[in-house]
Amino acid sequence: MNRSSMREHVFKMVFSYGFDLDKPVEEHMNDYLEEVKTKEDEVAYMKARVVAVLENKEVIDKALDQASLKWPVVRMANVDAAILRLMVYEINYDDDIPNNVAINEGIELAKKYGGDQSPKFVNGVIAKIVN
């Protein structure tokens, strides 16, 4: 499985976890990954990223709130917020991923899963964070 596919699964887990906060993260990830045919090292990579995004969620959300004054995270579409959280994590915490890759992949996720305005919105918010 390539990194883009793994990123998409990470996004889906981060997104869907927001709807089931009563279930422990580990259990949530295991339930999701039961349906994904992948190798152990890929599962470990995806789980580590989901946990890292969620562990840093408060700091990430503050950065997002500052970058999008008119649309704080609590007002954002859940899809856009999950994509942006993953993008901010990759940009600020993951040195293995170049910023332009995180941005391009995030915009592609927004095109695939978000609304008509999602790619433009995600791009605008992340541009403020990167600059």
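Our subject is the structure that appears above.
Thresholds, definitions, all that
- Residues numbered from 1 in each chain as written.
- Predicted model: local features only at pLDDT ≥ 70, side-chain atom pairs only at ≥ 80, totals over all residues.
- Heavy atoms only, no water.
- Helix = DSSP H or I, 4+ residues; strand = E, 2+ residues; numbered from the N terminus.
- Polar contact = N/O pair within 3.5 Å; in protein donor to acceptor, adjacent residues only side chain to side chain.
- Contact = heavy atoms within 4.5 Å.
- Core = buried A, V, L, I, M, F, W, Y, C linked by side-chain atoms within 4.5 Å.
- Buried < 20%, exposed > 50% of the residue type's maximum accessible area, 1.4 Å probe, protein only.
- Arc of directions from axis to C-beta.

Asker: In this structure, what is going on with the side chain of histidine 28? I would like to understand it.
Answerer: For histidine 28, the position within the fold is in helix α2 (residues 25-33). Here the side chain of histidine 28 touches methionine 13 through a polar contact of 3.4 Å, landing on its backbone oxygen. A distance of 3.0 Å separates a polar atom in the side chain of histidine 28 from a polar atom in the side chain of serine 16. Those residues in contact with histidine 28, other than ones at most four positions away along the chain, are Met13, Ser16, Tyr17 and Lys23.

Asker: Help me understand the nonpolar core in this model?
Answerer: Looking at soluble globular proteins, one finds that nonpolar side chains tend to be buried together. Leu64, Ile83, Leu84 and Ile126 are the most contacted members of the largest nonpolar core, which has 41 residues in total. Breaking this core down by element, the ones donating at least two residues are α1 (3-17), α2, α3 (40-55), α4 (57-67), α5 (78-93), α6 (99-113) and α7 (118-130). Ranked by residue count, the leading element in this core is α5, at ten residues. If sequence neighbours within four positions are ignored, leucine 64 has contacts with Val73, Met76, Leu84, Arg85, Val88, Val125 and Ile129.

Asker: In this structure, what is going on with α4? I would like to understand it.
Answerer: Along an α-helix, residues three or four positions apart point the same way, because every turn accommodates 3.6 residues. Those residues of α4 lying buried are Ile60, Asp61, Leu64 and Ala67. Viewed along the axis of α4, the buried residues span an arc of 120°, placing them on a single side of the element. For α4, the exposed residues lying more than 90 degrees away from the buried face are Glu58, Val59, Lys62 and Gln66. Elements that come into contact with the buried residues of α4 comprise α3, α5 and α7.

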